[in-house]
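A look at the structure
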Amino acid sequence: MANLSATAEQISAQALARATEEVSRLERQIGDLQGYRDEYLRPLREAGAPAVGGYQVQKLRLFVGRIEEALALIERKKKLAESNCERERAVWMEQRRRALLMNKVAQRARTEEETRAERALQREIDDRPQRP
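A few words on the packing of aromatic side chains. Scanning the model with the defined rule gives 1 aromatic pair in all. Taking the centre distance of 4.6 Å and the plane angle of 65 degrees together, the rings of Y40 and F63 count as edge-to-face. Of the two residues, Y40 is situated in helix α1 (residues 2-47) and F63 in helix α2 (residues 54-127); the sequence distance between them amounts to 23 residues. Given a relative accessible area of 36%, Y40 falls into the partly exposed group.

For the rest of this paragraph, the subject is the nonpolar core. Membership of the largest hydrophobic core is limited to 11 residues, which are L16, A19, V23, L26, I30, L33, I67, L71, I74, A81 and C85. Residue assignment for this core shows that the elements contributing at least two residues are α1 and α2. The biggest single contributor to this core is α1, with 6 residues. If near-sequence neighbours (up to four positions away) are discounted, I67 is found in contact with L33, Y36, R37 and Y40. If you look at the next biggest cluster of nonpolar residues, it comprises 5 residues, including L41, L44, L60 and V64.

Moving on, we get to the environment of G54. As for its position among the elements, G54 is in helix α2. On the accessibility criterion, G54 (56% relative accessible area) is exposed. As a C-alpha pair, G54 and A106 span 52 residues in sequence and 76 Å in three-dimensional space.

Here the focus is the pattern of salt bridges. Per the counting criterion, the structure on display carries 11 salt bridges. The salt bridge partner of R96 is E9, with a shortest N-O separation of 3.9 Å. Taken together, the residues span a long stretch of sequence, with R96 in helix α2 and E9 in helix α1 at a distance of 87 residues. Among the residues examined, R96 registers a relative accessible area of 34% and is labelled partly exposed.

Reading the values: rules and limits
- Residues numbered from 1 in each chain as written.
- Predicted model: local features only at pLDDT ≥ 70, side-chain atom pairs only at ≥ 80, totals over all residues.
- Heavy atoms only, no water.
- Phe/Tyr/Trp six-rings, centres within 6.5 Å; stacked < 30°, edge-to-face > 60°.
- Helix = DSSP H or I, 4+ residues; strand = E, 2+ residues; numbered from the N terminus.
- Buried < 20%, exposed > 50% of the residue type's maximum accessible area, 1.4 Å probe, protein only.
- Core = buried A, V, L, I, M, F, W, Y, C linked by side-chain atoms within 4.5 Å.
- Contact = heavy atoms within 4.5 Å.
- Salt bridge = Lys/Arg side-chain N within 4 Å of Asp/Glu carboxyl O.

Dropping the structure here:
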């Protein structure tokens, strides 16, 4: 039973690791997209809209708008991934608690068994006829 609890805890830990990695992956994507957006907006900020042609400004705004849409989508995915990560963390914590409890119970049973075996051996030794 203790082995099953330990296995369940390991499976939960792996699921938590995957969920955590998904959150990290989405955070990296968000950072990358924010960097791209800032890079494309830099010419507008540095030179100002009048220095950049109207057509270029329109193209840049359209492209940046697409980046913003992608950012919004990934941020929603990240929120879902964070919720999933918290659920996986709660499951892992419960599985960890159970595994520790089962290990305690198994250890207690082993200790009691060892104590019984020692007592039985001592009785056997005590019951032997004494040799003169």
